[in-house]
Amino acid sequence: IRLWCFRTLGRFFTFELGVRKGHKLVTTGPYAVVRHQSYAGAALLSIGLFILHGSWSSLIRRSGVLNIPGLTAA
């Protein structure tokens, strides 16, 4: 997602927030869908980790690390 954003913004991409001469609102690429790709990426990452570690066959679940006394469903 970030690489797509870098390419879409081109020379206007910076790590520092600011407005440059000739700046314009970008409404193409990933910016046509969501304004803050970093937040969208974090949400997708969280969902992916939940699916990965929450599945019944995951290594973490099999290791017993998630078996916390008092938090296990009866």
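Shown above is the structure to which this text applies.
Residues numbered from 1 in each chain as written. Predicted model: local features only at pLDDT ≥ 70, side-chain atom pairs only at ≥ 80, totals over all residues. Heavy atoms only, no water.

Would you take a moment to explain the overall build of the protein for this structure?
Counting secondary structure elements, the protein contains three helices and zero strands. Across the protein, helices and strands are ordered from the amino to the carboxyl terminus as α-α-α. Here the C-alpha radius of gyration of the protein, 20 Å, is well above what a compact globule of 74 residues would show, namely 11 Å. Expressed as lengths along the three principal axes of its C-alpha atoms, the size of the protein is roughly 60 × 20 × 20 Å. With 74 residues in all, the protein has 11% of them scored as buried. A separation threshold of at least 6 residues defines the contact pool for the protein, and within that pool the share at least 24 residues apart is 22%. (Helix = DSSP H or I, 4+ residues; strand = E, 2+ residues; numbered from the N terminus. Rg over C-alpha atoms; globule rule 2.2 N^0.38 Å. Buried < 20%, exposed > 50% of the residue type's maximum accessible area, 1.4 Å probe, protein only. Contact = heavy atoms within 4.5 Å.)

Is there a simple way to explain the side chain of Q37 in this structure?
Mapped onto the elements, Q37 comes out in helix α2 (residues 37-54). The exposure class of Q37 is buried, given its relative accessible area of 8%. Each residue touching Q37, except ones within four places of it in the same chain, is listed here: I1, C5, P30 and Y31.

Just checking my understanding: could you explain the side chain of S58 for this structure?
Tracing the sequence through the fold places S58 in the loop between α2 and α3 (59-63). Each residue touching S58, except ones within four places of it in the same chain, is listed here: L52 and H53.

I keep staring at the environment of T14 and nothing clicks. Help me out?
Relative to the assigned elements, T14 resides in the loop between α1 (2-9) and α2. In this structure the side chain of T14 is engaged in a polar contact, spanning 2.6 Å, whose partner is the backbone oxygen of E16. (Polar contact = N/O pair within 3.5 Å; in protein donor to acceptor, adjacent residues only side chain to side chain.)

I would appreciate a short explanation of the environment of S38 in the present structure.
Mapped onto the elements, S38 comes out in helix α2. Along the chain, S38 and K24 lie 14 residues apart, while their C-alpha atoms are 20 Å from each other.

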